[in-house]
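Okay, here's what each chain looks like letter by letter:
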Amino acid sequence: MELKRVHAQGKLFLWVAALTLSIAESTAAGDEAWWHPNRKHVAKLTDFGGVGDGVTSNTAAFAAAVANLSQVAGDGGAMLVVPAGRWLTGPFNLTSTFTLFLERDAVILATQNLDEWTTIAPLPSYGRGRDLPGPRYTNFIMGYNLTDVVITGNNGSINGQGQVWWDKFRGEELKYTRGYLVEFMFCSYVVVSNVVLIDSPSWNLHPVYCDHVAVAGITILAPIRSPNTDGIDPDSSEYVWIVNSNVVSGDDCIAIKSGWDQYGIAFNKPSQHIYISNFSCVSPTSATIALGSEMSGGISDVHATNIVAVDTESALRLKTGIGRGGFMRDVIVEGMRLTNMKYLLWMTANYGQHPDDKFDPNAIPVVKTISFSNVVATNVSIAGKLEGLPQSPFTNLLVSDVTAEIFVNKKPVWNCTFVEGRSYNVTPTPCAELQH
């Protein structure tokens, strides 16, 4: 089985090496921050009238701070420091060559006044909002067409105060798709490190159409029944590095995406060269690592290792369907330690959500060359549920060195249709389709 390993990819390797060196130098110098580039121009939010009492609006202060610092960022970079306190604000944008630094005990609070959440165009690779047709509410913190942008700190928090959004979503009271807590769009060289993301209205961290993205040392928290609070969603992005991070959420902890049906096919930007390591997940209704279901631009060259999940619906889930087109291939997931899981492997080509009725029924996804290995799991209901298509079976699957302790149930522990692959040293014994 020929599988590329993303940490051997030249561009990503060189960038991560440089980042690691910066971390080592910062640690040796005794810096409290995990890592951030040196910035020539540094200001505090209080310099622009910010008040951290959790009640006063800082929307104008954040806008003024970013606007002011953007004027000098080209001269050695700029950094906005958010001191300890509770800083209520409406949505705001970032700028290039810029660091947003949250000091210890700093909390950026998203306003619950929905009038401050304007609407923006849907993503071109989706053709509409994910929740509803039409535009979408803006994201809370947004970076658009930026280079060298960092969100970091001493484990300060960004709190989306999402309950109002979840209630309105469940009550079908929203006119548009909910915004995300942090979205980077068409950005290069992005770092998010040593911060806590809390209670997003929907997805938490969404790099879309980006390259060279490092996510390290972050924690994401949302109630386990909160709707669509995905943790980290790389979307039509490449050279993405996710390490030393933890997610508790109401949806997939990591979901790799690349556009929806005909819109993703036309946009034609895959997610590729993605490396995940030292990651933990709790999500009783969703996956530790998911690919799709929006994958029409393609997903390839994914390597995940050293993963821990507890009380999570599935370890690895691939979601696609007729109309998606695209591909999912060259995926390695290895070194998982799992407790209380419904599924270890859940791969389906029968995922039928579509943005509209214009999807092409001849757009058939291709899923191949997936490796799942070195896994130990306890208290599992189903080892594998694998559902390919008769016209496009899942091929070249490899399951090896997997041990699952199955608790008693009436369902088959393996259920495979239209799949082809191999298995070695797997307990319980896999389906016949994986014994070639």
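Structure: see above.
Here the structure is a predicted model, which means the values were calculated and not measured. (Residues numbered from 1 in each chain as written. Predicted model: local features only at pLDDT ≥ 70, side-chain atom pairs only at ≥ 80, totals over all residues. Heavy atoms only, no water.)

Caption draft 1: Region of the structure containing the overall build of the chain. The number of helices and strands found in the chain is 4 helices and 28 strands. For 436 residues, the compact-globule estimate of 2.2 N^0.38 gives 22 Å, and the chain sits close to it at 22 Å. When the backbone C-alpha atoms are referred to their principal axes, the chain occupies close to 65 × 50 × 40 Å. A buried classification covers 58% of the 436 residues belonging to the chain. In the form shown here, the chain has an accessible surface area of approximately 16100 Å², with 51% of it arising from carbon and sulfur atoms. (Helix = DSSP H or I, 4+ residues; strand = E, 2+ residues; numbered from the N terminus. Rg over C-alpha atoms; globule rule 2.2 N^0.38 Å. Buried < 20%, exposed > 50% of the residue type's maximum accessible area, 1.4 Å probe, protein only. Areas by Shrake-Rupley, 256 points an atom, 1.4 Å probe, with all protein chains shown as cover.)

Caption draft 2: Region of the structure containing the pairing of strand β12 (residues 156-159). Side chains Gly156 and Ile158 of β12 all project onto a buried face; the interleaved residues Ser157 and Asn159 project onto the opposite face, where all are buried too. Judged from the 4 bridges that link them, β12 and strand β15 (residues 195-198) form a sheet pairing that is parallel. Bridge pairing in β15 links Ser157 to Val196. (Pairing = 2+ DSSP bridges.)

Caption draft 3: Layout of the state of the cysteines. Tallied over the full model, the rule gives 2 disulfides. Bridging Cys253 to Cys281, the disulfide has an S-S length of 2.1 Å. Taking the torsion about the sulfur-sulfur bond, which here is approximately 75°, the covalent link between Cys253 and Cys281 counts as right-handed. Of the two residues, Cys253 is situated in the loop between β19 (238-248) and β20 (254-256) and Cys281 in strand β21 (residues 271-282); the sequence distance between them amounts to 28 residues. Among the residues examined, Cys281 registers a relative accessible area of 3% and is labelled buried. The partner cysteine of Cys416 in its disulfide is Cys431, sulfur to sulfur 1.9 Å. Taking the sign of the torsion about the S-S bond as the criterion, the disulfide between Cys416 and Cys431, at about -75°, is left-handed. Linking Cys416 in strand β27 (residues 414-417) with Cys431 in the segment after β28 (419-427), this pair joins segments that are 15 residues apart in sequence. For the chain, the bonded cysteines connect in the pattern 1-2, 3-4 when numbered consecutively along the sequence. (Disulfide = S-S within 2.5 Å.)

Caption draft 4: Quick look at the packing of aromatic side chains. Applying the stated criterion to the full structure yields 12 aromatic pairs. Centroid distance Trp117 to Phe140: 5.9 Å. Interplanar angle 25°. Geometry classified as stacked. Within this pair, whereas Trp117 is found in the loop between β7 (106-110) and β8 (119-120), its partner Phe140 is found in the loop between β9 (136-137) and β10 (141-144), the two being separated by 23 residues in sequence. Over the aromatic face of Phe169 sits the side chain of Arg178, whose NZ or CZ is 3.8 Å from the ring centroid. It is Arg329 that lies over the ring of Phe327; its NZ or CZ is 3.8 Å from the centre. (Phe/Tyr/Trp six-rings, centres within 6.5 Å; stacked < 30°, edge-to-face > 60°. Lys NZ or Arg CZ within 6 Å of the ring centre and 35° of its normal.)

Caption draft 5: Spotlight on the sheet that holds strand β16 (residues 205-208). In space, the 4 strands of this open sheet follow the order β5-β10-β13-β16, with parallel pairing throughout. Unpaired on one side and paired on the other, β5 (92-93) and β16 mark the two borders of the sheet. One ladder, built from 4 bridges, connects β10 with strand β13 (residues 182-185); its direction is parallel. Residue pairing for β13: Met142 is matched across the bridge by Glu183.

Caption draft 6: The pairing of strand β26 (residues 394-406), seen in detail. Where strand β25 (residues 366-387) and β26 come together, 9 bridges link them in parallel fashion. Residue pairing for β26: Ile370 is matched across the bridge by Leu397. Where β26 and β28 come together, 7 bridges link them in parallel fashion. Each residue of the ladder has a partner; that of Leu397, found in β28, is Gly421.

Caption draft 7: Broad picture of helix α2 (residues 59-70). With 12 residues, α2 should reach 16 Å at 1.5 Å per residue; the first-to-last C-alpha distance of 17 Å fits that figure. Turning to α2, its buried residues are Ala61, Phe62, Ala65, Val66 and Leu69. With its buried residues spanning 125° around the axis, α2 presents them on a single face. Packing partners of the buried residues in α2 comprise β1 (41-44), β3 (78-82), β4 (85-89), β5, β6 (98-102) and β7. (Expected span 1.5 Å × (residues − 1). Arc of directions from axis to C-beta. Contact = heavy atoms within 4.5 Å.)

Caption draft 8: Here's a closer look at unusual backbone geometry. The step from Gly292 to Ser293 runs through a cis peptide bond, and the omega angle for that step is 0°. Within the element layout of this structure, Ser293 appears in the loop between β22 (287-291) and β23 (299-319). The step from Thr427 to Pro428 runs through a cis peptide bond, and the omega angle for that step is 0°. As for its position among the elements, Pro428 is in the segment after β28. Its identity as a non-glycine residue notwithstanding, Asn278 has a phi of 55°, on the positive side. The class for Asn278 is partly exposed, based on a relative accessible area of 33%. Phi angles above zero are rare outside glycine, and Asn425 is one such case at about 55°. By secondary structure assignment, the location of Asn425 is in strand β28.

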